[in-house]
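# Geometric and topological summary
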Amino acid sequence: MDRVTWRTQVLSNHLNQTSMSSPLSPNPCVGFSPPELSEPFEFDTKEMRKLLDAHNLEDRDWLFGLMKQSKLFNPREAGGRVFVSPDYNQSMEQQREMTMKRIAYLLDRGVFEGWLTEKGVEAELRKLALHEVIGIYDHSLAVKLGVHFFLWGGAIQFFGTKRHHDKWLRDTENYTIKGCFAMSELGHGSNVRGIETVTTYDSNTGEFVINTPCESAQKYWIGGAANHATHTIVFSQLYISGKNQGVHAFIAQIRDANGNICPNIRIADCGHKIGLNGVDNGRIWFDNVRIPRENLLNSVADVSPDGQYLSAIKDPDQRFAAFLAPLTSGRVTIAVGAIYSSQISLAIAIRYSLTRRAFSVTPKGPEVLLLDYPSHQQRLLPLLAKTYAMSFAANHLKMIYVKRTPELSKTIHVVSSAFKATLTWHNMRTLQECREACGGQGLKTENRIGPLKGEYDVQSTFEGDNNVLMQQVSKALLGEYIAAQKRSKPFKALGLEHMNKPCPVIPSQLTSSTLQSSQFQMDAFCLRERDLLNRFAMEVSERQKQGESKEYSVILSYQLAQDLGRAFSDRTILQTLLDAEAGVPSGSLKNVLAMLRSMYALICLEEDPAFLRFGYLSTDNVAAVRKEVSRLCAELRPHALALVSSFGIPDAFLSPIAFNWIDANSWSSVQH
């Protein structure tokens, strides 16, 4: 065909809207196949979920269902499924409004019933379970409720007496009163003892007078203050007759029932944040605000009508420690929430990796599933094992908290500090790895992992900066060490009883069977902890001999303090996993728990430089550990889907790429 004739035919086809026959054969698209068709479950996922969630499974499922039923929870269809999650594309103002509407919906359906007015372990566990489910849906909603119930309400429970309980708790539970918790200031966050807000007592009127004396004393990051809170707990230095009695807690009204800001109160918005924009964080200034004498929360200390300071706790340090009690509940909920966030991201990333293929390993061969690549297994499966271990640790923390006694207060403080830091750091690392493991799909807001990074980043610093918390853990361990030395008595607290036994010995050569032995794993963790505690104590002592104060000596020894805090946390987490494993009868469930336990222990050995730095493991042994981690990845690979299914998170609370991501991105979904 000459060119003129060919060109005439092409133009004719265009005009006649006909197409030339294509010499190309049709190419089949990438197909989606549900992983359940090829990934058999070798253990009972319902039984595993019972171990992970531990309590109130029916209550949890009831609340999941309640949220799926309402348009308020932003249901949307993708790939033939309905998903619910907040719309983070909304403005800050819209997100805050939706948070309050969701609270009203849950309130009307009795979700918060008994959260403050019922007592006992069962009531507390139900409250924690429902709060965890709310956090799986939206961190902003969980934090908003946490401030109101756990911080404001918890402060009234802990610091108040019957008169406060009778007056405030029922109205708080019914949301007639909306509370917030004014502890942090512009100039002081973790250092609560240094806050600058001042309260004095006027015996002529029987009132306390609260004042913000300087700009750095403004209350900052106060959740609920910017828009909604009517009342707040104010932490302030209490001055009686010119003498500072230290930090105390007071109830102050900041808005009337119509939402108008009260006289002598100034409130400003903290503004847009990298996440958590459904929470209205605000700043508060008090300009000689007068409150009744009865608004002092007086379970720790009181002031008589004529201005006498009264407290059964004479030691100012012990009094101050008592005022930090509500932060323990906050750290418990933060630690647990971090693990559920890790579960969400891993469930999405692992399900995606079981249906997404990339590259071929042979010419013209089929593309390979992401999770069949050893490198992808190494990225996700150790994090999965850590999440399992930390799930049991979080349950342990909850149980010692709800069953707390005065004798357990130190243990709860130390364990909650260690776990809050360790679990939130783990969560942020997991979210980042899962985001990357999902490639470009991980960037989409609808696929949840990216937004969760912004939402949960705050956990590393609120209610205690993680690095500061780890130093508190090490200081507590040092205190136990010094006390045991002085008394010449054995250790009997914080799990340090292993210090009373002979020092463990690590074999010069580590075989696979040794590496997977629970005895070896615990020996290695205990060896690291006892040696670091000895080194920390020795270094602090040497600095004191050189003339430094004990406090500054601890600060200068921060590197060992951080290593020791990590060692304590890792060993405690491993123990909770061993306890969970021991409670399961022989069978497939116990076998997979043993695999997870070995993966958790060995990845800790591989990732902590202390094992090599201080010679607990030789270079050959470190290489053996690394090789065993790779082998365990291959062993865990067939169980990956079952393990994330065991989280029990309903499909609607995951994301489109966890399921048929092709249909979810099809042209028909765009038109829909």
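Provided above is the structure to which this section pertains.
Residues numbered from 1 in each chain as written. Predicted model: local features only at pLDDT ≥ 70, side-chain atom pairs only at ≥ 80, totals over all residues. Heavy atoms only, no water.

Time to look at the pattern of salt bridges. Pairs can form between side chains of opposite charge whenever their charged atoms are close. Summed over the entire model, instances satisfying the criterion amount to 41 salt bridges. Two residues, R566 and D570, come together in a salt bridge whose shortest N-O distance is 3.9 Å. Of this pair, R566 and D570 both sit in helix α17 (residues 558–582), four residues apart, which is roughly one turn of the helix. The residue E581 makes a salt bridge to R597 at a minimum N-O spacing of 2.9 Å. Taken as a pair, E581 in helix α17 and R597 in helix α18 (residues 588–607) lie far apart in primary sequence, 16 residues in all. Judged on exposure class, the residue E581 and its partner R597 are both buried. In the salt-bridge network here, residues are joined through shared partners; they are R49, D53, R60, D61, E132 and K398. (Salt bridge = Lys/Arg side-chain N within 4 Å of Asp/Glu carboxyl O. Helix = DSSP H or I, 4+ residues; strand = E, 2+ residues; numbered from the N terminus. Buried < 20%, exposed > 50% of the residue type's maximum accessible area, 1.4 Å probe, protein only.)

In this section: the nonpolar core. Counting residues in each nonpolar core, the largest one holds 198 residues, and the members touching the most others are L106, I233 and I350. Here this core gets 15 residues from one element, more than from any other, and that element is helix α10 (residues 374–402). Setting aside residues up to four positions removed in sequence, I350 forms contacts with L371, L380, L381, L384, A640 and V644. (Core = buried A, V, L, I, M, F, W, Y, C linked by side-chain atoms within 4.5 Å. Contact = heavy atoms within 4.5 Å.)

Let us now look at the packing of aromatic side chains. For any two aromatic rings, the description comes down to two numbers: the centre-to-centre distance and the angle of the planes. Under the defined criterion, the tally for this structure stands at 24 aromatic pairs. Consider the rings of Y220 and W221, whose centres lie 5.5 Å apart with planes at 75 degrees: the pair is edge-to-face. The exposure class assigned to W221 is partly exposed, which follows from its relative accessible area of 48%. Site record: aromatic cluster; members linked through ring pairs are F64, F73, Y105, Y137 and F653. The ring of F659 is capped by R81, whose NZ or CZ atom sits 4.2 Å from the centre of that ring. Here K127 stacks its cationic end above the ring of F150, 4.9 Å away from the centre of that ring. (Phe/Tyr/Trp six-rings, centres within 6.5 Å; stacked < 30°, edge-to-face > 60°. Lys NZ or Arg CZ within 6 Å of the ring centre and 35° of its normal.)

Bridge count for strand β14 (residues 357–360) against strand β15 (residues 367–369) is three bridges, and the pairing is antiparallel. Among the inter-strand pairings, S360 is bridged to a residue of β15, identified as E367. Taking the residues between adjacent antiparallel strands as the criterion, β14 and β15 are bridged by six residues, where K364 takes a positive phi near 60 degrees. (Pairing = 2+ DSSP bridges.)

For the rest of this paragraph, the subject is the packing of helix α11 (residues 409–437) against helix α13 (residues 466–487). For the pair α11 and α13, the least separation of the axes is 9 Å and the interaxial angle reads 145 degrees. In the crossing of α11 with α13, the sense of the turn from one axis to the other is left-handed. Together, K410, H413, V414, S417, A418, K420, A421, T422, T424 and W425 of α11 and N466, N467, L469, M470, Q472, V473, A476 and E480 of α13 make up the contact between the two elements. Among the residues forming the contact of α11 with α13, the class breakdown is eight nonpolar, seven polar and three charged. (Axes fitted to C-alpha atoms, helices over the stretch in contact; angles between N-to-C directions. Left-handed = near helix turned anticlockwise from the far one by under 90°. Nonpolar A, V, L, I, M, F, W, Y, C, P; charged D, E, K, R; others polar.)

Think of an α-helix as 3.6 residues a turn; residues three or four steps apart then line up on the same face. For helix α3 (residues 57–68), built from 12 residues, the straight-helix expectation of 16 Å at 1.5 Å per residue is met to within 8% by its first-to-last C-alpha distance of 17 Å. Residues R60, L63, F64, G65, L66 and M67 constitute the buried set of α3. (Expected span 1.5 Å × (residues − 1).)

Quick look at the state of the cysteines now. Tallied over the entire structure, the rule returns zero disulfides. C270 takes part in no disulfide bond, and the closest cysteine sulfur, belonging to C180, lies 11 Å away. For C270, a relative accessible area of 15% gives the class buried. (Disulfide = S-S within 2.5 Å.)

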